[in-house]
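Single-letter residue listing:
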Amino acid sequence: MEDSDLGNLDEASLDAQWEQWKITYKKKYNSPKEEAERRAIWEESMRRIVAHNKEAALGKHTFTMGMNHLGDLRPEEVCCGGLCVPKDGKRPSHPK
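Counting from 1, residues in each chain are numbered in the order their sequence is written. Local features in this predicted model are restricted to residues whose pLDDT is 70 or higher, and side-chain atom pairs enter the listing and the counts only when it is 80 or higher, whereas totals over whole chains, interfaces and linings include all residues. As a convention, hydrogens and water are excluded, and side-chain values are obtained from all of the structure's heavy atoms.

An unreviewed UniProt entry annotates the chain as Cystein proteinase inhibitor protein salarin of Channa argus. The heading Subcellular location (unreviewed entry) in the UniProt record of the chain holds the text "Vacuole". Recorded under Function (unreviewed entry), the UniProt text for the chain is reproduced unchanged: "Inhibits papain and ficin (cysteine proteinases) but not trypsin (a serine proteinase)." UniProt positions are given in the numbering used here, feature names are shortened, and annotations may be inferred rather than shown by experiment.

So, in structure tokens, the structure goes:
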């Protein structure tokens, strides 16, 4: 996904970007409920990236951000450059 794709966050564009992101990173989920939860996290990540990059374009930051394979994980699920086991002991159910 190109950084320029992040600027368009209407629902149809988000749907297409979500589907492409799942294909790119070979994401599979165990249930529609899990996919909806991961999509919500991914959308929040997308919105944070877009907001940051708009600020970067105005000179408020010295770097831009982009989406990667960890976009559907909550911050507490990602640590030290690798995956952490959440406090409840359950790992995310999608492949690496």
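By salt bridge we mean one thing: a side-chain nitrogen of Lys or Arg within 4 Å of a carboxyl oxygen of Asp or Glu. In the structure shown here, the tally under the stated rule is 12 salt bridges. A salt bridge links glutamate 35 to lysine 22, with the nearest nitrogen and oxygen atoms 2.5 Å apart. Here lysine 22 lies in helix α1 (residues 11-24) and glutamate 35 lies in helix α2 (residues 32-57), a separation of 13 residues in the sequence. What makes lysine 22 buried here is its relative accessible area of 12%. Between aspartate 72 and lysine 27 there is a salt bridge, and its shortest N-O distance comes to 3.3 Å. Separated by 45 residues along the polypeptide, aspartate 72 in the loop between α2 and β1 (78-79) and lysine 27 in the loop between α1 and α2 bring together distant segments of the chain. This pair shows no difference in class: aspartate 72 is buried, exactly as lysine 27 is. Within the structure, one salt-bridge network assembled from shared partners comprises Glu11, Asp15, Arg39, Glu43 and Arg47. Helix and strand labels come from DSSP, where a helix needs a run of H or I of at least four residues and a strand needs a run of E of at least two; each type is numbered from the N terminus. Accessibility here uses a 1.4 Å probe with only protein chains present; expressed as a share of the type maximum, an area under 20% marks a residue as buried, one over 50% as exposed, and anything in between as partly exposed.

On to unusual backbone geometry. If you check the backbone angles, lysine 26 has positive phi at about 50 degrees while not being a glycine. With respect to the helices and strands, lysine 26 occurs in the loop between α1 and α2.

So, about α1. A helix is expected to span 1.5 Å for every residue after the first. End to end, α1 covers 20 Å across 14 residues, agreeing with the expected 20 Å (1.5 Å per residue, within 8%). All of the buried residues along α1 are Ser13, Leu14, Gln17, Trp18, Trp21 and Lys22. Around the axis of α1, the buried residues are gathered within 165 degrees of arc, so they sit on the same side. Of the exposed residues in α1, the ones pointing more than 90 degrees away from its buried face are Ala12 and Ile23. Whether two residues touch is decided by their heavy atoms; if any such pair falls within 4.5 Å, the residues are in contact. Packed against the buried residues of α1 are α2. Any pair of nitrogen or oxygen atoms within 3.5 Å is treated as a polar contact; in protein, a donor-acceptor pairing is required on top of that, and neighbouring residues in sequence qualify only through side-chain atoms on both sides. Capping the start of α1 is the job of one residue whose side-chain oxygen sits 3.2 Å from the backbone nitrogen of alanine 12: aspartate 10. Positioned one or two residues after α1, lysine 26 has a phi angle of 50 degrees, which is positive. What the arc describes is the spread of directions from the helix axis to the C-beta atoms.

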